[in-house]
Amino acid sequence: MADILYIVVPCYNEEEVLPETARRLREKLEGLMAAGRIAPDSRVLFVNDGSRDRTWEIISQLHQQCPLFSGADLTRNRGHQNALLAGLMTARERCDMAISMDADLQDDIDAVDAMVEEYYGGCDIVYGVRSSRAKDTFFKRVTAEGFYRLMNTMGAETVFNHADYRLMSRRALEGLAQFREVNLFLRGIVPMIGYRTGTVEYERGERFAGESKYPLKKMLSFAMEGITSLSVKPIRMITALGFLVFLISIAMLIYSVARWAMGETILGWASLVCSVWAIGGLILLSLGVIGEYIGKIYLETKERPRFLIREVLEDRDGKAD
Ligand code: UDP
Ligand code: MG
């Protein structure tokens, strides 16, 4: 008996791409069902992340037209990571494996077949990894690859060129459910779950309609979020920096005493002013980094819910008909 697959798709203002995405995903599911690789109860689960356009209406229509589509509606916009988590947690009770992907289908859906095969081969987590970024704009490519490098040098271990396109088995999802952090960075958390993992390579395409919801500003805050959620390396770097500055100050002390002995103490206005600014800047920067962590602790202690679901579109009698 084949296992149940849920494809989880977070959607934020995606009215332009949804009909086409739904058509392609339906074809994919029907193909896999015909080949007997997945159970007939498999679904596409669209998560509406508080869209301001007709996204939810379209999802509801799709659900009415075809039992393969289901949907979950969040109470408001919570961002991609939370929307994805909401979808995965909804799918967890209903599926044997779940694949997450973006609504714009930039991640080649033909990799789904290979992921499912890896799953049957015994993998609990299968990462989709981009083999090249030839179709991304130059700017996106450079910033995105810089992002992975920055993450890894800052001590947040992530799979290179893997975004949130991955398959997780039910027990991996159960594992994920036990990570209770509010500052969610799935790419960093999933590798911590463990189990046997595999990778599937694919080519990343272009968004076929609509605009990217990840402008540079969001990418930067995403990187900051990832680093401070996963590692304390920046704080260690501050300590190292403090140590270095201390060493420099000893050198400066020796230097000043020497100048004084030579009777040249009036000199040095420029170096004094520079060091005041440099030290001030370093202190502010360090306070900022430490503040980031304190902010995180503050948010974590509140344990606010990461998402609230307004409605889940279920099949009429809980089963496909
Ligand atoms: N997304 C979301 N909530 C948000 C922003 C984005 O659910 O607040 C979804 C969006 O609908 C898409 C996915 O996250 O399915 C990735 O967004 P996008 O394709 O715009 O990012 P990019 O591919 O440019 O990094
Ligand atoms: Mg995209």
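What you are looking at is a predicted structure, and each value in this text was computed from that prediction instead of being measured.

S.K.: Explain the packing of helix H3 (residues 80–92) against helix H6 (residues 170–177) here, please?
M.R.: Helix packing geometry: the angle between the two helix axes and the distance between the axes. The interhelical angle for the contact between H3 and H6, taken along N-to-C directions, is 125°, at an axis separation of 10 Å. Relative to H6, the element H3 is oriented oblique. The chirality of how H3 crosses H6 is left-handed. Of the residues in H6, those touching H3 at Leu85, Leu88, Met89 and Arg92 are Arg170, Leu173, Glu174, Leu176 and Ala177. Its residues placed into classes, the contact of H3 with H6 shows 6 nonpolar, no polar and 3 charged.

S.K.: What is the right way to read the coordination of the magnesium ion (ligand 2) from this model?
M.R.: Reference geometry at the metal: tetrahedral coordination by four donors gives ideal angles of 109.5 degrees; octahedral coordination by six donors gives 90 or 180 degrees. Distances from the magnesium ion (ligand 2) to its protein donors, Asp104 (OD) and Gln106 (OE1), fall within 1.9 Å. Accessibility expressed as a relative area gives 3% for Asp104, which makes it buried. Residue Gln106 is classed as buried on the basis of its relative accessible area of 11%.

S.K.: Would you explain the pattern of salt bridges in this entry?
M.R.: Between side chains of opposite charge, a pair can form as their charged atoms come close. Across all of its chains, the model carries 17 salt bridges by this definition. The partner of Lys28 in a salt bridge is Asp113, and the shortest N-O contact between them spans 2.7 Å. With a gap of 85 residues between them, Lys28 in helix H1 (residues 18–34) and Asp113 in helix H4 (residues 111–120) connect regions that are remote in the sequence. For Asp113, a relative accessible area of 29% corresponds to the partly exposed category. Ionic pairing is found between Arg166 and Asp164, a salt bridge with its closest N-O pair at 2.4 Å. A residue is classified by how much of its surface remains accessible, and Arg166, at 0% relative accessible area, is buried.

S.K.: Help me out: how do you make sense of the packing of aromatic side chains in this one?
M.R.: What describes a pair of aromatic rings is the distance from one ring centre to the other and the angle between the planes of the rings. What the rule picks out here adds up to 4 aromatic pairs. Considering the side-chain rings of Tyr165 and Tyr202, the 5.1 Å spacing of their centres and the 80° angle between planes classify their relative orientation as edge-to-face. Of the two residues, Tyr165 is situated in the loop between helix H5 (138–153) and strand E6 (166–169) and Tyr202 in strand E7 (residues 197–203); the sequence distance between them amounts to 37 residues. The burial state of Tyr165 is the same as that of Tyr202; both residues are buried. Relative to Phe222, the ring of Phe185 has its centre 4.9 Å away and its plane inclined at 50°; by these criteria the two rings are tilted. You can see Phe185 sitting in the loop between H6 and helix H7 (186–193) and its partner Phe222 sitting in helix H8 (residues 216–230), a full 37 residues away along the chain. Judged by relative accessible area, Phe185 falls into the buried class, the value being 1%. Residue class for Phe222 comes out buried when judged on its relative accessible area of 11%.

Reading the values: rules and limits
- Residues numbered from 1 in each chain as written.
- Chains lettered and ligands numbered in written order.
- Predicted model: local features only at pLDDT ≥ 70, side-chain atom pairs only at ≥ 80, totals over all residues.
- Heavy atoms only, no water.
- Axes fitted to C-alpha atoms, helices over the stretch in contact; angles between N-to-C directions.
- Helix = DSSP H or I, 4+ residues; strand = E, 2+ residues; numbered from the N terminus.
- Parallel < 35°, antiparallel > 145°, perpendicular 65-115°, else oblique.
- Left-handed = near helix turned anticlockwise from the far one by under 90°.
- Contact = heavy atoms within 4.5 Å.
- Nonpolar A, V, L, I, M, F, W, Y, C, P; charged D, E, K, R; others polar.
- Donors = N, O, S within 2.8 Å, 3.2 Å for Na, K, Ca; no water.
- Buried < 20%, exposed > 50% of the residue type's maximum accessible area, 1.4 Å probe, protein only.
- Salt bridge = Lys/Arg side-chain N within 4 Å of Asp/Glu carboxyl O.
- Phe/Tyr/Trp six-rings, centres within 6.5 Å; stacked < 30°, edge-to-face > 60°.

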